Amino acid sequence: EERESSGTNSGDYGEEYRPLLPSQETSLHILTTALSPLEYRRWRRKPWYWRIFKVFKVPVELVLLLTVPVVDPDKDDLNWKRPLNCLHVLTSPLLCVLTLKSGTYGLYQIQGVFPVWGLITLVGSVLAIIIFLTTSNEEPPKYHCVFAFLGFLASAMWINAAATELVNILRTLGIVFQLSNTVLGLTLLAWGNSIGGRRRRKDGGVPLPRDGRVVAGSIAPPSSPVRRPHPERAADILVGVGLGCLLQMTSSQPVVKLEPDSLLVWILAGALGLSLVFSFVSVPAQCFQLGKAYGVCLILYYLAFLCVALLTEFRVIRLSA
């Protein structure tokens, strides 16, 4: 055996320096380690501006760790954290109830006496205790895959809540600066909804579109022909938008009507139809090999449409009585 130096800090060792003899960690130690969003070794290597940004991120990361379970198939234990996953059984359903419809369902009282969030808390606590008593810290249970679906649902609720609050903030700014919802939808909301995060390469670089095929990929709305047709975007449009509109039609009105009482409505519908017809004709004519000229034409078309729509909204362009 080699004696450890008194000046050596055990926290300086990396993952490769672990004790040879296996030792069982307590549930409290596993919980505190899993809920720690800061790594001492990484914190010490990073510059000062990264540390300042990390300080603002810590509360958000802590809340996400408490509410969103993560199943990692690349790890031997599938990222099984027994005390934290038992806590997720309580926090994730509670999050879903309190964020759905801005907490309308969570505040609903059963028979006017017992609130829904209280029932979820009671049932979640019982399930968490049962899972904690029937599992161990070392080996994940056979039903651990259920936590992946729970994490997906909790993540969707967080995204929905964040998007709802962001839209409310933009609408508030529109009221302050006297901008209509149409102007916000044509500018800030459309641009923000179109700019998606691109996956970075392992060397840190951002992959750029090749052959000039996606010149205007981050300018137009998701349903615009300017955007590159990814399979996930098609699923988003068909399932997300289509299913949502179908459910809305079945619950309210069986037919969606276009109200022709405004010139802007005709401009929006006409510009969208003309863009689709242009893409329907030009894309097969180019044998589905789109170049820079096609992207430039779409950018110019979008800018012209945006100018006409904004001028119509601000009453510069209007029909005479």
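Residues numbered from 1 in each chain as written. Predicted model: local features only at pLDDT ≥ 70, side-chain atom pairs only at ≥ 80, totals over all residues. Heavy atoms only, no water.

(A) Up close: the packing of aromatic side chains. Tallying each qualifying case throughout the model produces five aromatic pairs. Ring geometry for W80 versus F147: centroids 6.1 Å apart, planes at 70°, classification edge-to-face. In this pair, W80 sits in the loop between α3 (48-67) and α4 (82-99) while F147 sits in helix α6 (residues 146-176), placing the two residues 67 residues apart along the sequence. Measuring from centroid to centroid gives 6.0 Å for F278 and Y294, while their planes differ by 10°, and the two rings are stacked. Taken together, the residues span a long stretch of sequence, with F278 in helix α9 (residues 263-285) and Y294 in helix α10 (residues 292-313) at a distance of 16 residues. F278 sits in the partly exposed class, given a relative accessible area of 37%. The buried category is assigned to Y294, whose relative accessible area is 7%. (Phe/Tyr/Trp six-rings, centres within 6.5 Å; stacked < 30°, edge-to-face > 60°. Helix = DSSP H or I, 4+ residues; strand = E, 2+ residues; numbered from the N terminus. Buried < 20%, exposed > 50% of the residue type's maximum accessible area, 1.4 Å probe, protein only.)

(B) Representation of the UniProt feature "transmembrane region" (unreviewed entry) in the protein in the model. In the numbering used here, UniProt assigns the "transmembrane region" (unreviewed entry) feature to residues 48-71, 114-133, 145-163, 169-192, 263-281 and 293-312. Structurally, residues 263-281 is divided into 100% helix and 0% strand, and its ends, taken at the C-alpha atoms, are 27 Å apart. For the annotated span residues 293-312, helix accounts for 100% and strand for 0% of the residues, and the straight-line distance between the end C-alpha atoms is 29 Å. (UniProt positions renumbered as here; feature names shortened; annotations may be inferred.)

(C) A look at a nonpolar patch on the surface. There is a patch of nonpolar side chains on the surface, built from Y108, I110, V113, F114, L119, L122, V123, V126, L127 and I130 and spanning about 910 Å² of accessible area. The biggest single contributor to the nonpolar patch is helix α5 (residues 116-134), with six residues. In this structure, I130 sits in helix α5. Looking at I130, the relative accessible area reads 45%, which means it is partly exposed. (Patch = residues over 30% accessible without salt bridge, like charges linked within 9 Å, V, L, I, M, F, W, Y side chains within 5 Å. Areas by Shrake-Rupley, 256 points an atom, 1.4 Å probe, with all protein chains shown as cover. Salt bridge = Lys/Arg side-chain N within 4 Å of Asp/Glu carboxyl O.)

(D) Layout of the packing of helix α1 (residues 27-34) against α4. It is at 7 Å that the axes of α1 and α4 come closest, and there the two elements cross at 70°. Taken together, α1 and α4 sit at an angle that is classed as roughly perpendicular. Of α4, the residues touching α1 (which contributes S27, I30, L31 and A34) are R82, P83 and L84. Per-class residue counts for the contact of α1 with α4 are five nonpolar, one polar and one charged. (Axes fitted to C-alpha atoms, helices over the stretch in contact; angles between N-to-C directions. Parallel < 35°, antiparallel > 145°, perpendicular 65-115°, else oblique. Contact = heavy atoms within 4.5 Å. Nonpolar A, V, L, I, M, F, W, Y, C, P; charged D, E, K, R; others polar.)

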